[in-house]
Amino acid sequence: MTQLFTTSHSSVLINGCPGRWIKCRRGLRQGDALSPYLFLLVADVLQQLIKQDSGIRHPSIDGPCPVLQYADDTLLLVRAELTDVRRLKTTLDDFALATVLKINY
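What you see is a predicted model, and the numbers here were worked out from it, not measured in a lab. (Residues numbered from 1 in each chain as written. Predicted model: local features only at pLDDT ≥ 70, side-chain atom pairs only at ≥ 80, totals over all residues. Heavy atoms only, no water.)

A. Molecular detail of the environment of Pro36. Among the structural elements, Pro36 can be located in helix H2 (residues 35-52). Separated by 36 residues in the primary sequence, Pro36 and Asp72 place their C-alpha atoms 8.1 Å from one another. (Helix = DSSP H or I, 4+ residues; strand = E, 2+ residues; numbered from the N terminus.)

B. Main features of the side chain of Arg79. Its location among the elements puts Arg79 in the loop between strand S6 (73-76) and helix H3 (82-99). A polar side-chain atom of Arg79 sits 3.0 Å from the main-chain carbonyl oxygen of Ile61. Look past the residues within four positions of Arg79 in its chain and what remains in contact with it is Arg57, His58, Pro59, Ile61, Asp62, Asp84 and Val85. (Polar contact = N/O pair within 3.5 Å; in protein donor to acceptor, adjacent residues only side chain to side chain. Contact = heavy atoms within 4.5 Å.)

C. Main features of the side chain of Gln47. Mapped onto the secondary structure, Gln47 falls in helix H2. According to the relative accessible area criterion, Gln47 is buried, its value standing at 17%. Ignoring any residue separated from it by four or fewer positions in sequence, one finds Gln47 in contact with Val67 and Gln69. (Buried < 20%, exposed > 50% of the residue type's maximum accessible area, 1.4 Å probe, protein only.)

D. Structural context of the packing of aromatic side chains. Enumeration over the complete set of coordinates arrives at 0 aromatic pairs. The residue whose ring lies beneath Lys89 is Tyr105, and the NZ or CZ to ring-centre distance is 4.9 Å. (Phe/Tyr/Trp six-rings, centres within 6.5 Å; stacked < 30°, edge-to-face > 60°. Lys NZ or Arg CZ within 6 Å of the ring centre and 35° of its normal.)

E. Inspection of the pattern of salt bridges at higher detail. Enumeration according to the criterion identifies 5 salt bridges in this entry. Note that Arg87 and Asp53 form a salt bridge whose closest N and O atoms lie 2.6 Å from each other. Of this pair, Arg87 sits in helix H3 while Asp53 is found in the loop between H2 and strand S5 (67-70), placing the two residues 34 residues apart along the sequence. According to the relative accessible area criterion, Arg87 is partly exposed, its value standing at 41%. (Salt bridge = Lys/Arg side-chain N within 4 Å of Asp/Glu carboxyl O.)

Shown next as structure tokens:
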């Protein structure tokens, strides 16, 4: 398995022209059969963290913030109050630190 990760190289097409080669050192390749399952495990943890925090509230009713997920996208609907948004940002930052994922604010 280590051989698979250490011998892999990728290149990004920009306007149809390949860029420089990038040596892949970790992670799964795009299209790998394990990718959806790995995403589900990690996304479920994020969803539970948000739903268990009573300070991150639903935009219109008293209840937890809805977490909508489709494929590899996550959409969060939160009440437009500074305290709710700050708590959500703190939760997302903690999640990003723990998982080494990048959050697109």
